[in-house]
Each structure stands twice: as C-alpha cells, then as structure tokens.
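# Residue-level structural notes
Letter by letter, the chains look like this.
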Amino acid sequence: MSTERSKWSSRSAFVLAAIGSAVGLGNAWRFPGLAAKHGGGAFLLVYLIAMLVMGVPLLMMEIAIGRKMKQGAAGSMRGLNKKLEPIGWAAVANAFVISVYYAAVFAWVLLMVVKSIDFAGMTGDTVAASQLWLTTIKTTGAVSGIGVLPLSLLAAFLVAWGSIYYCIRNGAASVSKVVKYTVFIPVVLLLVMAVNGLRMPGAMDGVAKFFIPDFSVLGNAAIWVDAVGQVFFSLSIMMAVMFAYGSFLERDSNIAVDGLIIAFSDMAISVLAGVVMFSTMGGVGMLDKISTSGIATAFIVYPQAIVTLTNIGWVNVIFGMVFYLCLATLAVDSAFSLVEGVSTSISDKFKLDHKKTTLNISIIMAAMGLIFLTGAGLAWLDIVDNFTNQFNMIIIGILECVAIGWFFKTERVLDEINLNSQKWKMPGWWFNTSVRFAAPVLLVFLLVWNVISLIKAGGVYGAADGYPLWANIVGGWLITILVFASGYIVKLIAAARARKGLVEDESSWS
Ligand code: PFF
C-alpha cells in the first residue's frame with residue numbers, strides 16, 4: 001500500500017530541496033564544459049535567453065501542476081487529461097536514463113576526493129594535473145574499448161549509490177536538512193577558486209572569452225540545442241522531478257517567488273563555475289585546446305586550478321579533497337531527486353510502497369550504470385548525455401508546452417502559480433506567451449534545425465560525434481524510442497494490474 005504522502009516541513013525546506021536538485025554537477029561540470037565546447041560567450045548568451053524564455057516559466061509550471069495534482073509527473077499529466085499521461089512517463093523515463101549516468105559522474109567525483117592526494121607532488125604542474133582524472137578512470141575513449149573496470153571506481157560507485165539511497169530512504173521530503181549544508185559550502189569554494197583563477201596571468205583572456213559572445217557561432221544549431229538542453233538539465237525540469245517536488249508542497253506556498261529564487265540561484269552558480277573554468281583555462285594557456293565533447297573539460301581543468309592554488313603541496317591536497325567532497329554533496333541531492341521523481345510516479349501509479357519502490361529502482365539503475373565505469377564509459381556517457389539533452393528533453397519540452405498551452409488553459413496554471421503571491425506575481429504576458437508560443441515554436445524549430453544540420457554533417461549523429469553508427473543507435477536512438485514508448489508500456493502493465501484489482505487514482509484538476 002502506498003504510504004501517506006510526505007510533505008516539506010517548511011517553505012525553506014522546499015526551496016532548499018529544489019535548489020539542491022537544480023544545483024548539481026550540471027552547474028559545476030556540464031555547464032562550463034558546454035560553454036567551453038561552444039567557445040564561451042555565445043553559449044552564455046543563448047543560455048540566458050533560454051533560461052528566461054523557457055526555464056523560468058516551465059519550472060513554475062511543473063511545480064504548480066505537481067502541487068495541484070498531488071501526484072508525480074505521470075499522475076499529474078493524467079489528471080489534466082488521460083491522454084497526456086504518456087508525456088509524464090516520457091519525463092520519468094528520461095529521469096531514469098539520466099540517473100543511470102549521473103551516478104557514474106558522481107562516482108568520478110568521489111574517486112577524485114581520494115585521488116586529490118596526488119596533488120601533493122604536482123604543485124604548479126598543470127600538465128600532470130590535467131591527466132590525473134583520465135588516468136584514474138582508465139578510459140580507452142572508444143565505445144568498444146571496455147578495457148578494465150577499475151575496482152576503485154566500482155567502490156566509489158557503490159558509495160555514490162549507497163549515499164543516494166541513504167538520503168531518500170524515507171522520502172525526499174525528509175532530507176531538507178541535508179541540503180542546507182550541501183548548497184552553500186561548494187559555492188564558497190568556487191568563489192575561492194574564481195579569485196585564484198582571476199589572479200593568474202592570462203586569466204582575463206579566459207574571462208573575456210566567457211563573457212564576450214562571438215556572434216558568428218550563433219548560426220550553429222548545436223549551440224542552441226545544447227543551451228536549451230542545459231537549461232532543462234540544470235533546472236531539473238522535463239524530468240519528472242519538479243512535479244514530484246511540487247506534489248510535496250503545502251497549498252500556501254508561493255510558487256512564483258520560489259520559482260524565481262530557484263532559477264536565479266541555479267543560474268548564478270553556473271556562471272560562477274564558468275568564471276572558474278574560463279579564468280583557469282586562460283591562466284594555464286588552454287583556451288585554444290578546448291575539448292570537443294565538453295564532457296571532460298571540468299575534470300581536466302579543475303585539477304589545474306587546484307595545483308596552482310598555492311606552492312604548498314599539502315594545502316592543495318586538502319583544498320582538492322574538500323572541493324571534490326563539496327561537488328559530491330552537490331551531486332547527491334540532485335541524484336536523489338532524480339530517483340525520487342521516478343519512484344514517486346511509479347509508486348503513485350501502481351499504489352506501491354514508496355520505500356521498497358525506491359530501493360528496487362536504485363538497484364536497477366546502479367546495475368545499468370556499470371557500463372559507464374568501464375574503459376568505454378566516457379564514450380557511452382557522451383553519447384547518452386548528448387541524446388538525452390539534444391533530443392529527449394527538447395521533445396518532452398515541446399509535448400509539455402503543447403499539452404498544457406493548447407489542450408489545457410495556461411491561465412489556470414498561472415492562477416495556481418500566483419495563488420499566494422502578493423508582492424510579485426508571475427506576469428501573464430511572460431507565462432502565457434512562453435508556454436503557448438515562444439517555447440514550443442522555438443523548440444520545434446531547434447529540433448528540426450538540429451536534425452537537418454546533423455544529416456548535412458553526414459551520418460546519423462553528425463561528423464563531430466565521431467562514434468560508430470551502431471553505438472549511436474544503441475546508446476541514442478534506441479533509448480530515445482524507449483523513453484517515448486514508456487507511457488504505452490506502462491499502460492499495458494496497468495491494464496494487466498487492473499485485472500488483478502488495481503484501482504487507479506482518478507483525481508483531476510478540477
Ligand atoms: N539539475 C541537476 C544538475 O544540474 O546537476 C541534475 C539533474 C537533477 C537533472 C535532477 C535532472 C533532474 F531531474
């Protein structure tokens with residue numbers, strides 16, 4: 001039987017937990033990596049536009065619908081209209097996929113906590129520092145180069161999953177205390193690294209690259225899809241999480257203001273991480289050797305920042321350890337929000353015990369994630385991460401906007417958002433225009449443009465991808481198909497369960 005729905009203990013508990021979910025490796029690892037991949041300033045510009053046009057309104061929309069429906073993503077969409085339920089499941093399935101690889105990145109971070117010991121002998125040696133992570137994860141760089149599965153990485157992975165499960169075993173709403181500490185300390189350390197980065201000669205070239213857009217790259221579809229995908233990834237939207245978190249909210253919460261706080265803190269932390277990354281890259285003369293995938297950048301650049309902090313090896317060691325521990329704390333609450341988004345939807349739907357569901361799901365996700373720990377892991381992670389962000393999230397964004405903007409009344413969602421706002425209300429012109437027109441039109445345009453550019457560049461995934469076709473099919477297209485078929489698979493299971501007496505929740509918006 002499902003247990004009583006848990007609730008946030010206070011307003012700040014919700015805001016902190018939502019910030020905890022939003023602020024994660026996406027800010028410290030993915031954002032600067034993508035910014036580097038796209039040359040800096042232009043990416044930042046597109047990211048900021050996408051944040052305002054799509055991020056802020058869609059974040060508020062998901063929280064409001066979750067609060068109103070008291071259900072995870074799938075149940076919430078079903079409550080709006082039964083036909084919309086598969087969209088919710090696509091978001092759940094997308095969260096599932098991301099959890100699987102996110103935990104692997106989390107494991108890399110944990111391993112770096114220990115590996116920071118090596119910084120002792122690397123003072124000032126940025127070349128050695130840049131290699132540390134690559135040699136630690138023993139990557140072969142190729143999709144079929146399984147190579148070895150380093151035991152240390154496996155151990156880190158088990159610790160990662162253990163801590164994710166430990167945090168949410170009693171429901172995400174019970175963990176807001178954790179988040180209080182996990183958000184602020186990393187920000188302080190990033191600030192220290194930013195100051196350190198900025199005092200290096202050459203740093204200003206990096207900063208200029210980060211803030212001054214090179215408009216010529218705006219004609220490239222990839223920069224736009226990457227930026228929009230990153231906004232969704234970073235705000236934890238299009239992934240079932242914010243519906244679930246909204247569903248634990250009390251009626252009297254102020255979604256308009258809380259939504260702004262969540263979005264702007266998230267954005268500010270990403271920008272801060274970008275400053276650290278670009279000033280350091282400028283400082284160590286790496287600006288012209290920017291990684292093509294983006295995925296490795298953070299793991300290559302942060303160590304260089306650390307070994308240049310002071311001339312005393314052990315001080316750098318301690319800083320490195322604390323820094324990676326902080327990144328781990330950022331990762332854990334984002335990772336458990338993903339698991340929570342999935343398990344809330346499944347336990348709501350099938351009236352399962354929430355705690356057992358969470359455990360089972362965590363075990364399945366962890367088992368599937370093993371591939372990312374092997375020598376081929378980096379390559380697979382790159383493919384899966386690209387597909388989820390460049391296709392799945394964009395398509396889910398289109399479906400959510402069309403479903404809510406055109407088949408439901410955005411005004412009703414806006415009323416729910418502004419239900420308790422006094423001083424500041426989410427303006428109708430912003431919300432309605434975004435959800436009904438700007439967001440879906442832009443997203444469709446981007447999707448089509450991206451597909452055309454990829455085809456033109458040659459190959460299913462474009463020349464820049466560089467991975468074999470079969471790998472793109474397995475790690476990309478197949479997963480995308482499964483994500484969007486998930487709603488229908490669930491429907492079949494539900495029908496079978498109904499014959500055994502499962503009675504579904506039929507609450508609807510009104
Ligand atoms: N927003 C998190 C980050 O930026 O690291 C990652 C994430 C968490 C993505 C939850 C999606 C999600 F649903």
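Look above for the structure.
Residues numbered from 1 in each chain as written. Predicted model: local features only at pLDDT ≥ 70, side-chain atom pairs only at ≥ 80, totals over all residues. Heavy atoms only, no water.

The next thing to look at is the overall build of the chain. Summing up its helical and strand segments, the chain has 19 helices and zero strands in all. Scaling as 2.2 N^0.38, a compact globule of 510 residues should have a C-alpha radius of gyration of about 24 Å, and the chain matches this with 22 Å. Dimensions of the chain along its principal axes, counting C-alpha atoms only, are 65 × 50 × 45 Å. Looking at the chain as a whole, 60% of its 510 residues qualify as buried. If you take every contact in the chain between residues at least 6 apart in sequence, the share linking residues at least 24 apart comes to 86%. Counting 34 positive and 27 negative side-chain charges, the chain places the centres of these two groups 6 Å from one another. (Helix = DSSP H or I, 4+ residues; strand = E, 2+ residues; numbered from the N terminus. Rg over C-alpha atoms; globule rule 2.2 N^0.38 Å. Buried < 20%, exposed > 50% of the residue type's maximum accessible area, 1.4 Å probe, protein only. Contact = heavy atoms within 4.5 Å. Lys, Arg positive; Asp, Glu negative; His and termini not counted. Charge placed at Lys NZ, Arg CZ, Asp CG, Glu CD.)

Within the structure, the ligand sits among 15 residues, and Ala22, Gly26, Tyr102, Phe233 and Val241 are positioned closest to it. One of the backbone nitrogen or oxygen atoms of Gly26 is found 2.6 Å away from an oxygen atom of the ligand. Contacts to the ligand include Ser234, whose backbone N or O atom sits 3.1 Å from a nitrogen atom. Contributions of two or more residues to the shell around the ligand are made by α1 (11-22), α2 (25-37), α10 (221-235) and α14 (313-350). (Near = heavy atom within 4 Å. Polar contact = N/O pair within 3.5 Å; in protein donor to acceptor, adjacent residues only side chain to side chain.)

With that settled, consider the packing of aromatic side chains. We describe a pair of aromatic rings using the distance from one ring centre to the other and the angle between the two ring planes. All chains considered together, the criterion is met by 24 aromatic pairs. Ring geometry for Phe391 against Trp477: centres 5.1 Å apart, planes inclined by 50 degrees, an arrangement best described as tilted. On the criterion of sequence distance, the pair formed by Phe391 in helix α16 (residues 377-406) and Trp477 in helix α19 (residues 469-499) is long-range, its members being 86 residues apart. Aromatic pair Trp429 and Trp430: ring centres 6.3 Å apart, planes at 20 degrees, arrangement stacked. The exposure class assigned to Trp429 is exposed, which follows from its relative accessible area of 65%. Overall, the relative accessible area of 16% leaves Trp430 in the buried class. Following the ring pairs from residue to residue traces out a cluster consisting of Phe31, Phe43, Tyr47, Phe210, Phe211 and Phe278. Positioned above the aromatic ring of Phe233 is the side chain of Arg30, whose terminal nitrogen or guanidinium carbon lies 4.8 Å from the ring centre. Residue placement shows Arg169 over the ring face of Tyr166; its charged tip is 4.1 Å from the ring centre. (Phe/Tyr/Trp six-rings, centres within 6.5 Å; stacked < 30°, edge-to-face > 60°. Lys NZ or Arg CZ within 6 Å of the ring centre and 35° of its normal.)

Everything listed here is a matter of geometry and, on its own, says nothing about what the molecule does.
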